[in-house]
Amino acid sequence: MRWSSFYNTTSRIFHEYPSWSKSVVICTVISGGGVVAYADAKPAQSDNVGHNRKKKVVVLGTGWAGTSFVKNMKSSSYDIHVVSPRNYFAFTPLLPSVTCGTVEARSVVEPIRSISRKSGLDIQFSEAECYKIDPKNNKVYCRSGQDKKLGGPEEFSLDYDYLVIAMGARSNTFNTPGVQEHAHFLKEVEDAQRIRQTVINLFERASLPSLSEEEKRKLLSFVIVGGGPTGVEFAAELHDFVHEDLSILYPSLKDYVKITLLEAGDHILNMFDKRITEFAEEKFSRDGTDVRLGSMVVKVSANEISAKERSTGEVVSIPHGMVVWSTGIGPRPEILEFMKQLGQINRRAIVTDEWLRVEGCDNIYALGDCATINQRRVMEDIAVIFSKADKDNSRTLDIKEFQDVVGDIIERYPQVGIYLKKNQMKDMATLLNKSQESSLTVDIEYFKEALSKVDSQMKNLPATAQVASQQGIYLADCFNRMELCEKYPEGPLRFRGTGRHRFHPFRYKHFGQFAPLGGEQTAAQLPGDWISIGHSSQWLWYSVYTSKQVSWRTRALVVSDWTRRFIFGRDSSRI
Ligand code: FAD
Ligand code: MG
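To keep things clear, this report deals only with the structure shown in the data block. (Residues numbered from 1 in each chain as written. Chains lettered and ligands numbered in written order. Predicted model: local features only at pLDDT ≥ 70, side-chain atom pairs only at ≥ 80, totals over all residues. Heavy atoms only, no water.)

### Some thoughts on the site of ligand 1
Defined as follows: Only a single heavy atom is needed: when it lies within 4 Å of a molecule or strand, its residue is near that molecule or strand. Note that accessible areas follow from Shrake-Rupley with a 1.4 Å probe, and for residues the cover is restricted to the protein chains shown. Helix numbers and strand numbers start at the N terminus; a helix is a DSSP run of H or I with at least 4 residues, a strand a run of E with at least 2. Throughout this entry, Asp, Glu, Lys and Arg are counted as charged residues, while Ala, Val, Leu, Ile, Met, Phe, Trp, Tyr, Cys and Pro are counted as nonpolar. The remaining residues, Gly among them, count as polar. All domain edges in this entry derive from an automatic or database-based domain assignment.
Ligand 1 sits among 31 residues. The nearest are A65, T92, C130, D369 and A465. About the coverage of ligand 1: the protein hides 90% of its 990 Å² of free accessible area. Among the secondary structure elements, those contributing two or more residues to the shell around ligand 1 are helix 3 (64–72), strand 4 (78–84), helix 4 (95–99), strand 8 (129–134) and helix 17 (465–482). For the shell around ligand 1, the element with the highest residue contribution is helix 17, accounting for three residues. Its residues assigned to classes, the shell around ligand 1 comprises 15 nonpolar, 10 polar and six charged. For the shell around ligand 1, the domains that each give at least three residues are domain 2 (55–169 + 331–375 + 463–509) and domain 3 (179–330 + 511–568).

### Overview of the packing of aromatic side chains
For the record, the criterion: Only Phe, Tyr and Trp rings are paired, with Trp represented by its six-membered ring, and only when their centres lie within 6.5 Å; those with planes under 30 degrees apart are stacked, over 60 edge-to-face, the remainder tilted. Working definition: with a 1.4 Å probe on protein chains only, accessible area under 20% of the residue-type maximum means buried, over 50% means exposed, and in between means partly exposed. Look at NZ for Lys and CZ for Arg. If either is within 6 Å of the ring centre and within 35 degrees of the ring normal, a charge sits over the ring.
Following the criterion strictly, the structure yields 21 aromatic pairs and no others. Seen from their ring centres, Y474 and F506 are 5.5 Å apart, and the 70 degrees between their planes marks the pair as edge-to-face. One end of the pair, Y474, is in helix 17; the other, F506, is in the loop between helix 17 and strand 27 (513–518), and 32 residues separate them in sequence. Both residues of the pair, Y474 and F506, count as buried. Each residue in the set W64, F89, F91, F514, W539, W541, Y542, Y545, W562 and F566 is aromatic and connected to the rest through ring pairs, giving one cluster. Just above the ring of W552 sits the side chain of R555; from NZ or CZ to the centre is 4.2 Å. Above the plane of the ring of F566 lies R565, whose end atom (NZ or CZ) is 4.9 Å from the centre.

### Quick look at helix 11 (residues 333–342)
For the record, the criterion: Throughout, the arc means that of the directions going from the helix axis to the C-beta atoms.
Every buried residue of helix 11 is accounted for by I335, F338 and M339. Burial along helix 11 is one-sided: seen end-on, the buried residues are contained in an arc of 100 degrees. Following helix 11 by one or two positions, G343 has its phi on the positive side, about 80 degrees.

### Observations regarding the sheet that holds strand 14 (residues 221–225)
Operational definition: Pairing between strands requires that DSSP locate at least two bridges from one strand to the other. Residue contacts are defined here by distance: any two heavy atoms, one from each residue, within 4.5 Å place the two residues in contact. In this description, a line fitted to the C-alpha atoms serves as the axis of each element, helices being fitted only across the stretch in contact, and the angle between N-to-C directions of two axes falls anywhere from 0 to 180 degrees.
Strand order in the open sheet formed by five strands is 13-20-14-15-16, and the pairing between neighbours is parallel. At either margin of the open sheet sits one strand with a lone partner, and together these are strand 13 (184–185) and strand 16 (290–293). Strand direction decides the pairing type here: strand 15 (residues 258–263) and strand 16, joined by four bridges, are parallel. Bridge pairing in strand 16 links L261 to V291. Sitting on the sheet, helix 9 (residues 229–249) touches strand 14, strand 15 and strand 20 (322–325), and the angle it makes with strand 15 is about 175 degrees.

### Description of the pattern of salt bridges
Note the cut-off: The term salt bridge refers to a pairing of a side-chain nitrogen on Lys or Arg with a carboxyl oxygen on Asp or Glu at a separation within 4 Å.
Taken as a whole and judged by the stated rule, the model has 25 salt bridges. Residue E244 is joined to R565 by a salt bridge in which the shortest nitrogen-to-oxygen separation is 3.5 Å. Of the two residues, E244 is situated in helix 9 and R565 in helix 19 (residues 552–568); the sequence distance between them amounts to 321 residues. Accessibility expressed as a relative area gives 12% for R565, which makes it buried. In this structure, D290 and K258 form a salt bridge, with 3.3 Å as the shortest nitrogen-oxygen distance. Placement of the pair is D290 in strand 16 and K258 in strand 15, with a sequence separation of 32 residues. Salt bridges here are not isolated pairs; linked through shared partners, they connect E244, D245, E520, R565 and R570.

Written out as structure tokens, the structure reads:
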């Protein structure tokens, strides 16, 4: 059924929607979700004439996903209301730099009101958190977090036609005892500011004349849990801060400082290429940062952190002055509650389709760290794909038959494209030929076999700013173009009941990733597995992060902070 819709798409569209026949471009195709069709021009007539009320879009969150959605909205057909407990956008990749004063906190934030004003649209903002989503009644319940002096929390509810959930995630403690009470997280701007203050507090305290050597050693023992990009970058920043600035100002304390990085897995930065991992581990060991691999934290207390060593099974305790916890993310309680209402239990994030629409909801979208896309498997649809490709019902496919649908299959199932690229095959024809060298036709069994490994290339998208911001841009683009299709104003996804889609599914484009390692050295892994490590990548990092700033104001501030740091070093005043 799904496949048949593809084969008949062109003729049916022209038949069912004659007014569109000159102006509709059918871009792509098929399958599980149905046909993807894309309207590039306004329909000649609209069902919706006289329907003047603007649709109300409520956006929850002002992080990477929510802000890029708001920033890219151009259509004035919506009333947009943004709700977030933060009235600003924060450039999270620079938070590790904020922890040590390389960059100031105010240089990495931009007020959301200033961002929305620049969009030229009338966008409302409420500084509040959403504590309940009611999808049945199209309502969200919110509470302002203002302190009692200002009149205490205020509660209100908002109705919506469309809801965009971009509430991010929270740090995951894996229920490890003591983490919530005694560890620092590095997730928000306030966390970075607290870490900066704590580091300076510890140095000042360790300088007091009454302290014993052992106490000094304990105070200046910094433990970082989690060897992912954030933990590694913070460890590198802290090392540079201590060795470039604090050791000059506190010369007698230099030898008491110890930085320990605990990682439960076999290596730090394990999502990066092996060459980067090795370089980082060697650099940290040269720098004197103690990297302990296979070390699983079991408890954190005010003075000690206990970790179980995988190799020996022993539990080792390390006295600490400060613990920074950076082991990944988990869903926020409000998101968990919403997922429960949808029956999405045992998932780590809200499940959406490839158009970012929440499964089971017509008018709710979820993006960024709080969501995960349910990518469709080729093997689920394999029989239908085969029978529809086999136009002459010969029960075999010749290459010619296949060629007609190859592009559509790759569009609908991106894992096929990844598989071909990885195995250095030009196209699907090569893949089929590989399965059956001697013949130019394949039957269903060969077809299945050829594609059997393709689904193994499916991966969940990483929880990164890159993904979140691309999703925000994508969804805004869908909303902007929705008005071109006034005939079906119910959403960017599905033409009523026909199973066809007006927009391409979301496709993530990976531009590479950085791992700053301190000492003006950065590792960069760019598309095509191009690896670069060292000072030149550090300059690439500076230029990419400058260009990615959300405004000229923050761009100027960040560059001037870097310049100030080069000339004067980092500021260690405890303010
Ligand atoms: P967030 O940016 O976290 O935004 C969530 C928003 O929702 C916030 O505005 C929050 O206030 C709001 N919110 C929370 N609760 C509620 C509620 N109840 N109601 C309404 N609103 C709510 N990614 C990269 O690609 N490259 C990097 O270099 C990089 N470095 C990072 C460094 C650090 C220290 C951290 C913490 C993250 C880093 N990331 C990086 C990851 C990246 O920041 C996240 O993937 C990204 O922020 C996700 O965007 P989001 O919009 O989903 O969530
Ligand atoms: Mg055939």
